[in-house]
Amino acid sequence: MRLLIDVGNTSLKAVLWHNEQAQPADINDLPWLQITEVIYACVGRSDLLNDVLAQAASNNIICFEAKVTKTLGNLVCAYEHVANLGIDRWLALIAGFTLYPNTACIVVDAGTATTIDVLNSEGLHLGGWILPGLDLMTSSLTQNTQRVFDDGKTPFTNELGKNTPNGLKNGALVATIGAIEQAKLHLTDKKTEQKVQIIFAGGYGLLLQQQFEGSIFDSLLVMKGLNYWYELTETV
Ligand SMILES: Nc1ncnc2c1ncn2[C@@H]1O[C@H](COP(=O)(O)OP(=O)(O)O)[C@@H](O)[C@H]1O
Ligand SMILES: CC(C)(COP(=O)(O)O)[C@@H](O)C(=O)NCCC(=O)O
Ligand SMILES: [K+]
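Residues numbered from 1 in each chain as written. Chains lettered and ligands numbered in written order. Predicted model: local features only at pLDDT ≥ 70, side-chain atom pairs only at ≥ 80, totals over all residues. Heavy atoms only, no water.

Visitor: It is not clear to me how the pairing of strand 8 (residues 104-110) should be interpreted in this structure. Could you clarify?
Guide: Remember that side chains alternate between the two faces of the sheet whenever the strand is regular. In terms of residue burial, strand 8 counts as a mostly covered element, since seven of its seven residues are buried. Burial of the side chains of strand 8 extends over both faces: Ala104, Ile106, Val108 and Ala110 are buried on one face and Cys105, Val107 and Asp109 on the other. The pairing of strand 8 with strand 9 (residues 113-119) spans six bridges and is antiparallel. In the strand pairing of strand 9, Ala110 is matched with Thr114. (Buried < 20%, exposed > 50% of the residue type's maximum accessible area, 1.4 Å probe, protein only. Helix = DSSP H or I, 4+ residues; strand = E, 2+ residues; numbered from the N terminus. Pairing = 2+ DSSP bridges.)

So, in structure tokens, the structure goes:
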């Protein structure tokens, strides 16, 4: 049984992976006797992770940290300095590339930040953008202006705002939607009118997915990418 861990800047996510199935894991109550290896990725505070890694070590369980590489099979990273790319972005790309082969993808991970990555149908990562996550967009305004306020219950919709919380929340949503629409322009190939699969993950991924017909939301996208990374990488 594999313990998969994804440490973001807001939350640490952990799942137990067994027989191609993921089950939620409580890092404060792990079945160490059944765990054979720990595979992890970290873009956030590693101290959250250190305790789990220490427990793994005391149980003599091998741990692997996922790292970005220039290539992984036919997937090619856009960055020249690959170590600067967030590992969560790379893992989400690995998952998209593996789940949707020979298909252009736009991979959106809506967490603390919202990342948007563009992958062509040959597996070439064309690059992407980093935006403030929806909560960061709204909090940056409420904390840095006198008169913009949130009411904590207004939903994010793509309607025109008719009061301040609407204007604030909907502004964050439509800005993010607009960025994803822009990403599509980097893929439209007039000749083939190729299909573009838009894939969402992250805390706000489901909300954003609902704005895009034909797109999918996969709460386990990064975890699947972690698993694929482990299986595709010569870790020994
Ligand atoms: N159902 C949800 N579960 C978790 N986070 C959510 C949910 N809905 C919205 N969020 C927001 O998503 C962000 C956390 O997403 P997550 O992908 O865990 O972040 P990260 O990977 O950056 O740690 C926070 O801004 C949180 O408020
Ligand atoms: C942009 C991110 C902070 C997103 O992480 P998250 O929102 O999941 O916490 C992460 O991908 C990161 O640290 N990236 C490094 C910079 C880059 O990707 O170019
Ligand atoms: K993330």
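Visitor: I tried to follow the site of ligand 2 on my own but got confused; where do I start?
Guide: The environment of ligand 2 is made up of 14 residues, and the closest members are Asn9, Tyr79, Asp88, Arg89 and Ala113. Side-chain polar atom of Asp88 to an oxygen atom of ligand 2: 2.8 Å apart, as the coordinates give it. One nitrogen or oxygen atom from the main chain of Ala113 is found 2.9 Å from an oxygen atom belonging to ligand 2. Given that more than half its atoms are within 2 Å of the pocket grid, ligand 2 belongs to the largest pocket. Elements with a contribution of two residues or more to the shell around ligand 2: helix 2 (87-99) and strand 9. Within the shell around ligand 2, the residues separate by chemical class into five nonpolar, seven polar and two charged. Split by domain, the residues of the shell around ligand 2 number at least three in each of domain 1 (2-65) and domain 2 (71-221). (Near = heavy atom within 4 Å. Polar contact = N/O pair within 3.5 Å; in protein donor to acceptor, adjacent residues only side chain to side chain. 1 Å grid on protein atoms, 1.4 Å probe; cavity = no way out; pocket = protein on both sides within 12 Å on 5 of 7 lines; lining within 4 Å. Sits in = over half its atoms within 2 Å of the grid points. Nonpolar A, V, L, I, M, F, W, Y, C, P; charged D, E, K, R; others polar. Domains from an automatic or database assignment.)

Visitor: Just to check I follow, could you spell out helix 2 for this structure?
Guide: A turn of α-helix holds 3.6 residues, and therefore any two residues three or four places apart point the same way. In this model helix 2 runs 18 Å from its N-terminal to its C-terminal C-alpha over 13 residues, within 8% of the 18 Å that 1.5 Å per residue would give. Looking only at helix 2, the buried set comprises Ile87, Asp88, Arg89, Trp90, Leu91, Ala92, Leu93, Ile94, Ala95 and Gly96. (Expected span 1.5 Å × (residues − 1).)

Visitor: In this structure, what is going on with the UniProt feature "binding site: substrate" (unreviewed entry) in the protein? I would like to understand it.
Guide: Per the UniProt entry, the sites bearing "binding site: substrate" (unreviewed entry) are Tyr79, Gly86, Ile87, Asp88, Arg89 and Thr164 in this numbering. A maximum C-alpha distance of 39.3 Å among these annotated residues, which run over 86 residues, shows that they spread across the structure rather than meeting at one spot. As for the annotated residues, the ones lining the largest pocket are Tyr79, Gly86, Asp88 and Arg89. Here Gly86 shows up in the loop between strand 7 (75-76) and helix 2. If you trace the backbone, Thr164 turns up in helix 4 (residues 164-185). A relative accessible area of 29% means that Thr164 is categorised as partly exposed. Thr164 has contacts with Arg147, Val148 and Phe149, leaving out every residue within four places of it along the chain. (UniProt positions renumbered as here; feature names shortened; annotations may be inferred. Contact = heavy atoms within 4.5 Å.)

Visitor: What is the right way to look at the site of ligand 1 in this model?
Guide: Around ligand 1, the structure places Gly8, Asn9, Thr10, Ser11, Lys13, Gly111, Thr112, Asp135, Gly202, Gly203 and Tyr204. Here Ser11 contributes a side-chain N or O atom positioned 2.7 Å from an oxygen atom of ligand 1. Side-chain polar atom of Thr112 to an oxygen atom of ligand 1: 2.5 Å apart, as the coordinates give it. In the complex, 63% of the free accessible area of ligand 1, which totals 560 Å², lies under the protein chains. Judged by the proximity of its atoms to the pocket grid, ligand 1 belongs to the largest pocket. (Areas by Shrake-Rupley, 256 points an atom, 1.4 Å probe, with all protein chains shown as cover.)

Visitor: Any chance you could explain the sheet that holds strand 11 (residues 196-201) here in plain terms?
Guide: The strands making up a sheet associate through hydrogen bonds between their backbones, and the pairing can be parallel or antiparallel. Taken in spatial order, the five strands of this open sheet run 10-9-8-11-12, and their pairing is mixed. The open sheet has two edge strands, strand 10 (125-132) and strand 12 (216-217), and neither has a second partner. Pairing between strand 11 and strand 12: two bridges, direction parallel. Bridge pairing in strand 12 places Ile199 opposite Ile216. Running over the sheet, helix 2 touches strand 8, strand 9, strand 10 and strand 11 and is turned about 45° from strand 9. (Axes fitted to C-alpha atoms, helices over the stretch in contact; angles between N-to-C directions.)

Visitor: Even after reading the chapter, I still don't get the pattern of salt bridges, so can you show me in this structure?
Guide: Side chains carrying opposite charge are able to pair once their charged atoms draw close together. Taken as a whole, this structure holds 10 salt bridges when the rule is applied. We note a salt bridge from Glu181 to Lys184, for which the minimum N-O separation is 3.2 Å. Of this pair, Glu181 and Lys184 both sit in helix 4, three residues apart, which is roughly one turn of the helix. What makes Lys184 partly exposed here is its relative accessible area of 29%. A network of salt bridges, in which partner residues are shared, links Arg2, Glu37 and Glu231. (Salt bridge = Lys/Arg side-chain N within 4 Å of Asp/Glu carboxyl O.)

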